[in-house]
Amino acid sequence: MKQLDDYFKYNSFFSLLKDTRHYKEAYKSVAGRLSFFLSILATFVLVKYYQLDRSGFFKKIDDVVAAFTPGLFGLLGIYIAGVSLVLTMLSKKTIDNLDKQKKVDALVDMFFAYYFAGACLLGTIVGFTFLHFRCALGMLYSALGGPIIKDWLNFVITVAICWFFTYVFFFSLTYTVSLLGVCINAFFANLYMDREFDNEKRNSEKEKIHIVMIREHD
């Protein structure tokens, strides 16, 4: 139960993340659980391919990273458009009503969902960049034919990288779909708050008329 004044002190991503607790979305939400399942499945397939064709594995992964990275930047544009859409839906009456009822935290939570999704997407892009260099190292490893690092350690690092970055990638995609629901909720919330404002205004006018009639009767 917070008002607008309570959020003036939150001026960073991590302060808002701590307040909204959106980090729980990574493991408690449907998007987080689905992403975990898909990442495990993808990691299993990638590791099997790595074991069968180590020399060709890094080349294929590098091609996939190069193909997907531009699309991720396009996804970032969708987030910006989503925030703009939600902003145009909300009227000043809605914001004032939420502030009066101390429910601004619901509005902040709605907007921060896009901020959080953008941060996850940025993490995916950075991760893909790291994966690109990891693939380059792997191809160098295959070209030299000698162990740059020990085989068992190379395998563990490969599995960890595959799981982490496939999880972040799938989470960015599935969480994007859930943001469609945020837009729909913003639309209905705006209608509801406008109706509340109209009802409050109507009741206030009736009360004024009632007071005037009482005074005239007296």
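Here the structure is a predicted model, which is why all the values come from computation and not from measurement.

About the criteria used
- Along each chain, numbering runs from 1 in the same order as the chain's sequence is written.
- Residue-level local features of this predicted model are given only where pLDDT is at least 70; pairs of side-chain atoms are given and counted only at 80 or more, and the full residue set underlies all totals for whole chains, interfaces and linings.
- The basis for every side-chain value is the complete set of heavy atoms in the structure, and neither hydrogens nor water enter the calculation.
- Only residues whose relative accessible area exceeds 30% and that form no salt bridge are eligible for patches; like-charged ones are grouped when within 9 Å, while nonpolar side chains (Val, Leu, Ile, Met, Phe, Trp, Tyr) are grouped when within 5 Å.
- With residues, only the protein chains shown are counted as cover, and all accessible areas are computed by Shrake-Rupley using a 1.4 Å probe.
- For this analysis, a salt bridge means a side-chain nitrogen from Lys or Arg found within 4 Å of a carboxyl oxygen belonging to Asp or Glu.
- Helix and strand definitions follow DSSP, with helices as H or I runs of at least four residues and strands as E runs of at least two, each counted in order from the N terminus.
- To qualify as a nonpolar core, a set must consist of buried Ala, Val, Leu, Ile, Met, Phe, Trp, Tyr and Cys residues joined through side-chain atoms within 4.5 Å.
- Only protein chains enter the accessibility calculation, which uses a 1.4 Å probe; a residue whose area is less than 20% of its type maximum is buried, one above 50% is exposed, and one in between is partly exposed.
- Only heavy atoms matter for contacts: two residues are in contact if any of them lie within 4.5 Å across the pair.
- Note: the arc covers the axis-to-C-beta directions of the helix.
- Method remark: on a 1 Å grid restricted to protein atoms, a set of points is classed as a cavity if a 1.4 Å probe fits but cannot get out and as a pocket if it is open with protein on both sides within 12 Å along at least five of seven lines; lining residues have an atom within 4 Å of a point.
- Grid points are joined across faces, edges and corners, and a volume is the space filled by probe spheres set on the points.
- Amino acid classes used here: Ala, Val, Leu, Ile, Met, Phe, Trp, Tyr, Cys and Pro are nonpolar; Asp, Glu, Lys and Arg are charged; the rest, including Gly, are polar.

## Remarks on a nonpolar patch on the surface
- On the surface, a cluster of nonpolar side chains totalling about 400 Å² of accessible area is made up of Ile 184, Phe 187, Phe 188 and Leu 191.
- Residue placement: Ile 184 occurs in helix H7 (residues 151-217).

## Description of the nonpolar core
- Membership of the largest hydrophobic core comes to 44 residues, with the highest contact counts inside it found for Phe 57, Val 86, Phe 116, Phe 171, Tyr 175 and Leu 179.
- Elements represented by at least two residues in this core include exactly helix H1 (13-20), helix H3 (30-52), helix H4 (54-89), helix H6 (104-144) and H7.
- For this core, the element with the highest residue contribution is H6, accounting for 14 residues.
- Not counting the four nearest positions on each side in its chain, Tyr 175 is found in contact with His 22, Glu 25, Ala 31, Ala 113, Phe 116 and Ala 117.

## Describing helix H5 (residues 92-100)
- Here H5 has its buried residues at Thr 94, Asn 97 and Leu 98. Buried residues of H5, seen end-on, are gathered within an arc of 100° and therefore sit on one face of the element. Opposite the packed face of H5, turned more than 90 degrees from it, sit the exposed residues Lys 92 and Lys 100.
- Just downstream of H5 lies Lys 102, where phi reads positive at about 55°.

## Observations regarding the layout of surface pockets
- Looking at the largest pocket, its volume works out to about 320 Å³.
- If you trace the largest pocket, you find 17 residues lining it, with Leu 46, Ile 61, Val 64, Phe 128 and Thr 166 closest to the centre.
- Taken together, the elements giving at least two residues each to the lining of the largest pocket come down to H3, H4, H6 and H7.
- Of the residues that constitute the lining of the largest pocket, the class distribution is 15 nonpolar, one polar and one charged.
- Space inside the second largest pocket adds up to approximately 270 Å³.
- Looking at the second largest pocket, it is lined by 12 residues, and the ones nearest its centre are Leu 16, Leu 107, Val 108, Phe 111 and Phe 112.
- Among the elements that line the lining of the second largest pocket, the one with the most residues is H6, at seven residues.
- Its residues placed into classes, the lining of the second largest pocket shows 12 nonpolar, no polar and no charged.

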